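# Analysis of the macromolecular model
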Amino acid sequence: MQLTEKSRRVARGTRALTVALVVASLGLAAWLSTRHALEFDWTRAGRNTLSQASTEVLSTLRKPLAIEVFARPDGARGRILGELLRRFQGQGADLSVTFVNPDLEPQRLRDAGINRAGAVVLRYDTRQRIVERPSERSLTNAILQLSRARTPIVAFLEDHGERNLTGRANHDLGTLGRQLEAKGFQLQPLSLARAGGVPDNTAVLVVAGPRVALLGAEVRLLTDYLERGGNLLWLLDPDAEPSLNALAEYLSIEVVPGTLIDPASEQFTRMGMGDPTFVLVNRYAQHPALRGFNVLTIFPGAAGLATSGAGPSSAWRATSLLTTSADVWAERGRLAGTVGFDAESDRRGPFAIALALVRPAPEANQRVIVVSDGDFLSNAAIGNSGNLDLGLRLLTWLVEDDELVAIPARTDPDGTLELTPLQSGVIGLGALFGLPGTFILAAAWTWWRRRHR
């Protein structure tokens, strides 16, 4: 067939039009990809897809949800969080995500009450929640809590020299209080004498080491609150006011006589950073309040706790949350000069220094935590190691109900590839000789055909 100049021009025009259409199609596809996301999760466990529980929680949102991520967007942590939050955005919720670089804006990190990079702040309506360790489960539960109209009220007892959740003195709990407010809790001082009882809308009552005796009527109001199913955090210092013995009897708990001495804290004493009464704890119970918590905590002056197993609280299920090492002993002598273990008068550990008590109730299980040291949450000591994190965990567990979303852990059955030695050898030899040989044969075949046209 004879090619004319006209047919050549038509062929060239057709090729140019084809190239232009292909380029335009690619450009249109690229533009559409910035407007609409289309993703496929081919993993067997669906680990790159939000769970049904999360999508149901997002469907309940009726107002915009703003999320601030305190991490570098180009860092490893920022990229992981960005990918996770894109899955939340992909469910159609009115959700905006903003990244704050903590290296460039450290003041915003402090203003938000955040102690570590990688945390996330969620704001919904007039409420906010801080998620220190973001995951699908923790973010979903935070969104669920924000979507509710109820703000948990943390009431704290006053009038008896207690540690104040809004105070700034060294012995007060102001740092903890500010963190709780940043997490969306409402703090409320409570005078039993003036209020005549604990309000019914109290999520948890904090009794933090009163220094003067409570009136008998006030103690009865506390036990009445527990009878009604109220939750309680009792920071019971070793030198606790005897007027609360009735409360201890109601809960069927006992304080082991003596002050706990920890030989492991001797190194701090030599450095002038403490004394032998500093108890170091790194043994924690398998308990929902302490899930994933494995940080050292320091208690400046604790006592041992025990349960008597009798009395009005026999229906309580007790768990030892924090346990000392076996080297710790309860010193019953004077804390002066050189302190050593006396087998005749002292008692050797381990000791429980925090107890969690749970009692069945019609709507949700009633919860009480008793800690034999309030100093560990004081402004002077809360910055030690994991003390702040521990305090927040304890209070969060006390105020939460049982409606939180339990997202099942997802295994990765297709995350690894196991090959037999024969299969590994075939793949290795194929990559080393098979693929190059195939390319060489294809090139030789093309060259031979062109030579014999």
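Let us look at the structure shown here. (Residues numbered from 1 in each chain as written. Predicted model: local features only at pLDDT ≥ 70, side-chain atom pairs only at ≥ 80, totals over all residues. Heavy atoms only, no water.)

## Thoughts on the side chain of Gln 366
Position of Gln 366 among the secondary structure elements: in strand 19 (residues 366–371). Here Gln 366 falls in the buried class, since its relative accessible area comes to 2%. Among residues more than four places away in sequence, those in contact with Gln 366 are Leu 226, Gly 229, Gly 230, Asn 231, Trp 316, Leu 357, Val 358, Arg 359 and Ala 361. (Helix = DSSP H or I, 4+ residues; strand = E, 2+ residues; numbered from the N terminus. Buried < 20%, exposed > 50% of the residue type's maximum accessible area, 1.4 Å probe, protein only. Contact = heavy atoms within 4.5 Å.)

## Looking at the packing of aromatic side chains
Inspection of every chain in the model, using the stated rule, returns three aromatic pairs. Centroid distance Tyr 284 to Phe 293: 5.0 Å. Interplanar angle 70°. Geometry classified as edge-to-face. Residue class for Tyr 284 comes out buried when judged on its relative accessible area of 16%. For Phe 293, a relative accessible area of 6% translates into the label buried. (Phe/Tyr/Trp six-rings, centres within 6.5 Å; stacked < 30°, edge-to-face > 60°.)

## Quick notes on the sheet that holds strand 1 (residues 65–69)
Taken together, four strands build an open sheet; the order of strands is 2-1-3-4 and the sheet is mixed. Only two strands of the sheet have a single neighbouring strand rather than two, namely strand 2 (95–99) and strand 4 (127–131). Neighbouring strand axes in the sheet, compared pairwise and without regard to direction, differ in orientation by 20° on average. Relative to strand 3 (residues 120–124), strand 1 is paired through five bridges, and the arrangement is antiparallel. Bridge pairing in strand 3 places Ala 66 opposite Arg 123. (Pairing = 2+ DSSP bridges. Axes fitted to C-alpha atoms, helices over the stretch in contact; angles between N-to-C directions.)

## Observations concerning the pattern of salt bridges
Counting across every chain of the model gives 14 salt bridges. Across the pair Arg 228 and Asp 200 runs a salt bridge whose closest N-O atoms are separated by 3.2 Å. Of this pair, Arg 228 sits in the loop between helix 8 (216–227) and strand 8 (232–235) while Asp 200 sits in the loop between helix 7 (192–195) and strand 7 (204–208), and the two are 28 residues apart along the sequence. Owing to a relative accessible area of 42%, Arg 228 belongs among the partly exposed residues under this scheme. According to the relative accessible area criterion, Asp 200 is exposed, its value standing at 71%. The network of salt bridges with common partners includes Glu 68, Glu 105, Arg 108 and Arg 123. (Salt bridge = Lys/Arg side-chain N within 4 Å of Asp/Glu carboxyl O.)

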